[in-house]
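Chain by chain, the residues run as shown.
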Amino acid sequence: MDVKKKRSLAFRIFKIFSLSLLSIIILAIAVGVIFVNISPEFGGSLTEEQKTLYARSINYEDGVFVNQIPTPMDMSFGSMLSTLREFIKSSPNREPSRPIQVQKPDLQSILNKSDDLARVTWFGHSAFLMEIQGMNLLIDPMFGDVPAPHPLLGSGRYSEELPISIEDLPNIDAVFLSHDHYDHLDYGSIVKLKDKVDEFYVPLGVKVHLQEWNIEESKIHELDWWDEIQHDSLKIVFAPSRHFSGRGVTGQSETLWGSWIIQSSQHNIYFSGDSGYGPHFKEIGDKFGPFDFAMLECGQYNERWRNIHLMPEETVTAAIDLQASLMMPIHWGSFTLALHDWTDPVDRATKEANRLNVPITTPEIGEPIDLNSSTYPQSPWWLDY
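Now for a description of the structure that goes with this document. Within each chain, residue numbers correspond to sequence positions counted from 1 in written order. Residue-level local features of this predicted model are given only where pLDDT is at least 70; pairs of side-chain atoms are given and counted only at 80 or more, and the full residue set underlies all totals for whole chains, interfaces and linings. Side-chain figures throughout are based on the complete set of non-hydrogen atoms in the structure, without hydrogens or water.

### Focus: the overall build of the protein chain
Here comes step 1: Along the protein chain, the regular secondary structure elements total nine helices and 15 strands.
Here comes step 2: For this analysis, residues touch if any pair of their heavy atoms sits within 4.5 Å. A sequence separation of at least 24 residues applies to 69% of the contacts in the protein chain between residues at least 6 apart.
Here comes step 3: Residue-level accessible areas treat just the shown protein chains as cover; the underlying method is Shrake-Rupley with a 1.4 Å probe. With the model as given, the accessible surface of the protein chain reaches about 18000 Å², and the carbon-plus-sulfur share is 54%. Only runs of H or I of at least four residues qualify as helices and only runs of E of at least two qualify as strands under DSSP, and these elements are numbered from the N terminus.

Following this line, the structure appears as structure tokens:
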């Protein structure tokens, strides 16, 4: 075969390869666009009328919600490429060596509890069942297997089951959502829960997702930072955090994020949601503290995004700012969403809390914390995995 024919053959092969690769890319994009537009997991989209309404908030600028202080994230191409390489690189300690065994609470004690009971049960990550003044509350009830819009897009849960299945949960008086990221607002969980939930308390904008999932508007209460509302005998306050929001390819920070304060006649409780460190913790502590119990984000952090997630030592500093009598590290123990070893968050937070003499509780998943008791779980159970 002469040189001219060889070049012609090589060109045809290259052309076929290029067209095939382009077809695959176009198909992948088309499938992605269709998935985003038809999959219910992504939730709803804000109308122009809703955006105009949210623009009245002092926390809204140029079409998006903003943090109290500048919150840059290193999103350069080099940083993302470096992060991707680290994610791909295997690490034996990014998840437990075997499935985590969860404790199973006594369902009868939940169904027949007294009004003076104050009890919190961790479901892993940032999900909680709170029993207080005869009511059942759920906080960020992400009960799904994968914190992503599709199982192929995320890491699986460390445990093979939940402390209590959604089907076995009693009637829920209220659900509190901190923001609309997948590891906090889960479509499958909400759809299964919605018929046994009386009220939903959400940040501005998050209502659009719940409405898309056929939850009655009358059951949804949207709050801005520092808004207060009464739920039966409980005072509810939605407070700032330092984070962002978004469920789709576009629309980042079109909905608000934040933290929750739940006050009864006997207890003052704080839930951080997701947050980087900032002056809001001291501001919240000065306005509404001291707190009896603070559930504080501690996990899925990295130096590249420390402005939006607490480093473990900062978790303890935040507890001090909040004037918390007892702190609990959360946002760990269920999923691998960052590059650190899975036990790093609790190891580092416990070490710092002990150094600064800050009371800390580390319950197993499903192990109840009695807020009326002077004792609380402190076992380093994670060492068994």
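### Focus on helix 7 (residues 280–288)
Here comes step 1: Along helix 7, the residues classified as buried are His 280, Phe 281, Ile 284, Gly 285 and Phe 288. Looking down the long axis of helix 7, one finds its buried residues gathered within 140° of arc, a one-sided arrangement.
Here comes step 2: Considering only its buried residues, helix 7 is in contact with strand 9 (228–231), strand 10 (234–239), strand 11 (259–263), strand 12 (268–271), strand 13 (293–297) and helix 8 (312–322). Between buried and exposed lies partly exposed: a residue is buried under 20% and exposed over 50% of the maximum accessible area for its type, with that area taken using a 1.4 Å probe on protein chains only. What the arc covers is the set of directions going from the helix axis to the C-beta atoms.

### Considerations on the pairing of strand 8 (residues 220–223)
Here comes step 1: By definition, two strands form a pair when at least two bridges between them are found by DSSP. Taken together, the four bridges between strand 7 (residues 197–203) and strand 8 define a ladder with parallel strand orientation. By the bridge assignment, Val 202 is partnered in strand 8 with Glu 222.

### With respect to the nonpolar core
Here comes step 1: Nonpolar core, defined: a set of buried Ala, Val, Leu, Ile, Met, Phe, Trp, Tyr and Cys residues in which side-chain atoms within 4.5 Å join the residues together. Judged by nonpolar contacts, the single largest core of 46 residues is most densely connected at Phe 128, Met 130, Leu 137, Phe 293 and Met 295.
Here comes step 2: Beyond its immediate stretch of four places on either side in the chain, Leu 137 contacts Phe 128, Leu 129, Met 130, Ile 132, Ile 172, Asp 173, Ala 174, Phe 176, Leu 234 and Ile 262.
Here comes step 3: Ranked by size, the runner-up nonpolar core spans 24 residues in total, among them Ile 110, Leu 138, Ile 166 and Val 202.

### Here's the deal with the environment of Gly 366
Here comes step 1: Within the secondary structure layout, Gly 366 lies in the loop between helix 9 (344–356) and strand 15 (368–370).
Here comes step 2: Sequence separation between Gly 366 and Trp 122 is 244 residues; the distance between their C-alpha atoms is 5.5 Å.
Here comes step 3: Not counting chain neighbours up to four residues away, the residues in contact with Gly 366 comprise Gln 103, Pro 105, Thr 121, Trp 122 and Pro 163.

### Structural notes on the sheet that holds strand 4 (residues 128–132)
Here comes step 1: Taken in spatial order, the seven strands line up as 8-7-6-5-4-3-15 in an open sheet, and their pairing is mixed. Here the strands that pair on one side only, and so sit at the sheet edges, are strand 8 and strand 15. Sheet twist, expressed as the average angle between the axes of neighbouring strands with direction ignored, equals 20°.
Here comes step 2: Where strand 4 lies against strand 5 (residues 135–139), five bridges are found, and the strand directions are antiparallel. Following the sheet pairing, Ile 132 is matched in strand 5 by Met 135. Only the stretch in contact is used when fitting a helix axis, every axis being a line fitted to C-alpha atoms; angles between N-to-C directions are given from 0 to 180 degrees.

### Details of the environment of Lys 104
Here comes step 1: Tracing the sequence through the fold places Lys 104 in the loop between helix 3 (77–88) and helix 4 (107–111).
Here comes step 2: In the structure, Lys 104 is positioned 57 residues away from Glu 161 in sequence and 9.9 Å away in space, judged by C-alpha atoms.
Here comes step 3: Lys 104 has contacts with Glu 161, Leu 162 and Pro 163, leaving out every residue within four places of it along the chain.
Here comes step 4: A polar atom in the side chain of Lys 104 sits 3.3 Å from the side chain of Glu 161.
Here comes step 5: Of the polar contacts made by the side chain of Lys 104, one reaches the backbone oxygen of Leu 162; its length is 2.8 Å. What qualifies as a polar contact is a pair of N or O atoms within 3.5 Å, subject to a donor-acceptor requirement within protein and to the restriction that residues adjacent in sequence count only when both atoms come from side chains.

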